[in-house]
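# Fold and geometry: a report
Listed here are the chains, written in short residue letters.
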Amino acid sequence: MQFRNQKTPEKIEPQMAPMIDVVFLLLIFFMLTLKIISPEGDFNINMPAVAQAQTETPKLLPDFKVRLLADVATGQLIEVRFGQRSLGTGPRAFQLLQQTIKEQIAGSPYADEIEIEIDADFDLNYEHVISAVSACTGEVSGTTSDGGTPKISRFVEKIKFAPPRQSQRAPVGG
Amino acid sequence: MRFKKNDPILAEVDMTPMIDIVFQLIAFFMVISNFEQTQADERVRLPADVLAQPPTVKAANEMVLNVGFVRDPDHGISEQGPVVFHNSQFCRITDTESPAEVLIYNRSSRQNQTVKTVPFAYRLDQEKRLYFDRGVNVAEEVTVIIRADTHVPTGLVQKLIQMCQESFTASDGSTQNGFAKFALKAEQSSANRAFQPRGP
């Protein structure tokens, strides 16, 4: 038996080229499967079923009613009304709505009991309703330059929708 | 004069730092990419709002409804809908306000083709019965999350909510209440774009 001790142990050199190939493949895979999702949040709304509405205890305060009128053809917002008062249209109207609700809530001991009812035209684009819900729910105050995250103050927690109206557009399906 | 011997020197590039950097990049992309099924359909363009904060408490059971339009500008298909995207099918909410068929681009035949929409009421009923069969109390434990596109008519969202609230007949024959908790989704936006519509 001839032992091969005399020979110096061969130096094993790991080959880097295939390693680099595999690593680049993995990198490309993850880069392609990357999906950037913007953060989403939700607004909770009160939707009492018809049966429940009849057994509800009578409320202390009447609801605040917000009426949103739409242009039938395009679904754009024409007017925002708070009770009997017209607030105009566009982002300014929602800012006014926010101010008005803030003034009504301020100092009121019944702030937690107040419920806002949103009555929108059938054809109104959904985004305007979200703007209305947001204007009624709260506001963001303070900027990041103050040193902290913007503060969110909540006005009204209970928001509900009035029963849906009739669509003014011609039927699509059928 | 003695010229230097013409000996081409092979540059030995040290690959170790390169591998390190590439591993760092891989780790970054692995951490960033999210394989979780969020049920968020990309075809729905949510309205943007400042107050839209991710919920702090996640609901016990969530049912996500994606309501949007079928758009394909590259193949000449403008906005069609609105329809509910449910289980890879297009579902119409009502017969008068949702279309009976939509035009989509078929990649294999390379042309536009029409696809019929199915009524959503039946599917909604199926979901309610499935929840009941799994022992979940539909009215108390399930939150319906509505992800609706910016252009969806509000009345249609309200009708969808009404359909969700309707009571259903369970597998054991009893009549059960429908969904009672709802949440409307919106994307987060910056304060200087408050209340601005998103545009076409």
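Here the structure is a predicted model, which is why all the values come from computation and not from measurement.

### A short note on the overall build of chain A
The secondary structure content of chain A amounts to four helices and eight strands. When the elements of chain A are put in sequence order from the N terminus, they spell out α-β-α-β-β-β-α-β-α-β-β-β. The buried share of chain A, taken over its 174 residues, is 37%. Within chain A, counting contacts between residues at least 6 apart in sequence, those at least 24 apart form 61% of the total. Counting only carbon and sulfur atoms, one obtains 56% of the accessible surface of chain A, whose full area is about 11,200 Å².

### Considering the interface of chain B and chain A
Contacts between the two partners involve 60 residues from chain B and, on the opposite side, 57 residues from chain A. A buried area of about 5,200 Å², summed over both sides, lies between chain B and chain A, and 68% of it is on carbon and sulfur atoms. Looking at the side of chain B facing chain A, the largest losses of area belong to Leu51, Leu184 and Phe195 of chain B, adding up to 17% of the total buried there. Applying the counting criterion to the chain B and chain A interface returns one salt bridge. The closest approach of N and O atoms between Glu40 of chain A and Arg147 of chain B, which form a salt bridge, is 2.7 Å. The tally of links from chain B across to chain A stands at twelve residue pairs in polar contact (both at pLDDT 80 or more). Mapped onto the side of chain B that touches chain A, the elements with two or more residues apiece are helix H1 (16–32), strand S8 (142–148), helix H4 (154–165) and strand S11 (181–188) of chain B. Ranked by residue count, the leading element in the side of chain B that touches chain A is H4 of chain B, at nine residues. Classifying every residue of the side of chain B that touches chain A gives 36 nonpolar, 14 polar and ten charged.

Thresholds applied
- Residues numbered from 1 in each chain as written.
- Chains lettered and ligands numbered in written order.
- Predicted model: local features only at pLDDT ≥ 70, side-chain atom pairs only at ≥ 80, totals over all residues.
- Heavy atoms only, no water.
- Helix = DSSP H or I, 4+ residues; strand = E, 2+ residues; numbered from the N terminus.
- Buried < 20%, exposed > 50% of the residue type's maximum accessible area, 1.4 Å probe, protein only.
- Contact = heavy atoms within 4.5 Å.
- Areas by Shrake-Rupley, 256 points an atom, 1.4 Å probe, with all protein chains shown as cover.
- Buried area = accessible area lost by both parts, 1.4 Å probe.
- Salt bridge = Lys/Arg side-chain N within 4 Å of Asp/Glu carboxyl O.
- Polar contact = N/O pair within 3.5 Å; in protein donor to acceptor, adjacent residues only side chain to side chain.
- Nonpolar A, V, L, I, M, F, W, Y, C, P; charged D, E, K, R; others polar.

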